[in-house]
Amino acid sequence: QKEVEQDPGPLSVPEGAIVSLNCTYSNSAFQYFMWYRQYSRKGPELLMYTYSSGNKEDGRFTAQVDKSSKYISLFIRDSQPSDSATYLCAMSFGNEKLTFGTGTRLTIIP
Amino acid sequence: IAGITQAPTSQILAAGRRMTLRCTQDMRHNAMYWYRQDLGLGLRLIHYSNTAGTTGKGEVPDGYSVSRANTDDFPLTLASAVPSQTSVYFCASSDPGKGYTFGSGTRLTVV
């Protein structure tokens, strides 16, 4: 079993819809949780960074962490075609070495 | 523009040849990393460096070596390339509490 599990998709939703992306993990020692967005043929870019459990909102994006369930989510509201990308979850113990999910490929249909 | 520069952007390499992938950052981050990204496997850590002068092995270090002579540069060397090293390679650096900054990647094909 992988330490971090992420559904690879692909996921296609119409423009304007709410998107929900999720990861589960097995190691309860993870403390820091991130979401990265990766456009085709580009490097990943940091989207959201959270510590421990709770919610964090940034514009149309909301990250949720439920440590009791070992489950993290990223919500995208009012999705746009420019949100079409691969989304990677990542987490760490605090020593900065990240463990990544395999990524979910998202397409927003105009 | 502050960030990470990787070179080359892409390369086709004959099996058995030696190659160095270059990575330079201008953010003065202490920690740097090399990952490979393969379809279905995601990003896997090859080597890392917590600070200049130190390096460590990641999840898939075999066939690769790194050095960290100074803060800015973190080259990755394939001593004798094999086809299984065909991949996209990403260099990254990190600032405590702020996640990683990635380069644009090097697409390597070993034939």
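What counts and how
- Residues numbered from 1 in each chain as written.
- Chains lettered and ligands numbered in written order.
- Predicted model: local features only at pLDDT ≥ 70, side-chain atom pairs only at ≥ 80, totals over all residues.
- Heavy atoms only, no water.
- Pairing = 2+ DSSP bridges.
- Helix = DSSP H or I, 4+ residues; strand = E, 2+ residues; numbered from the N terminus.
- Axes fitted to C-alpha atoms, helices over the stretch in contact; angles between N-to-C directions.

A. Structural detail: the sheet that holds strand 7 (residues 64–66) of chain B. All names here are of chain B. The 4 strands lie next to each other as 1-3-8-7, forming an open sheet whose pairing is antiparallel. If you trace the sheet from one side to the other, it starts and ends with strand 1 (4–7) and strand 7, each paired once. Adjacent strand axes in the sheet meet at a mean angle of 20 degrees when their direction is disregarded. Here strand 3 (residues 19–25) pairs with strand 8 (residues 76–78) via 3 bridges, running antiparallel. Across the sheet, the residue bridging to methionine 19 is leucine 78, located in strand 8.

B. Molecular detail of the pairing of strand 7 (residues 61–66) of chain A. Residues and elements named next belong to chain A. Note: strand 6 (residues 54–58) against strand 7, 5 bridges, orientation antiparallel. Paired with glycine 54 across the two strands is valine 65, which belongs to strand 7. Here strand 6 folds back onto strand 7, and the loop between the two strands holds 2 residues, one of which, glycine 59, carries a positive phi near 65 degrees. Note: strand 7 against strand 8 (residues 71–76), 6 bridges, orientation antiparallel. Paired with phenylalanine 61 across the strands is isoleucine 76, a residue of strand 8. Hairpin remark: strand 7 followed by strand 8, antiparallel, with 4 residues in the connecting loop; positive phi at lysine 70, about 55 degrees.

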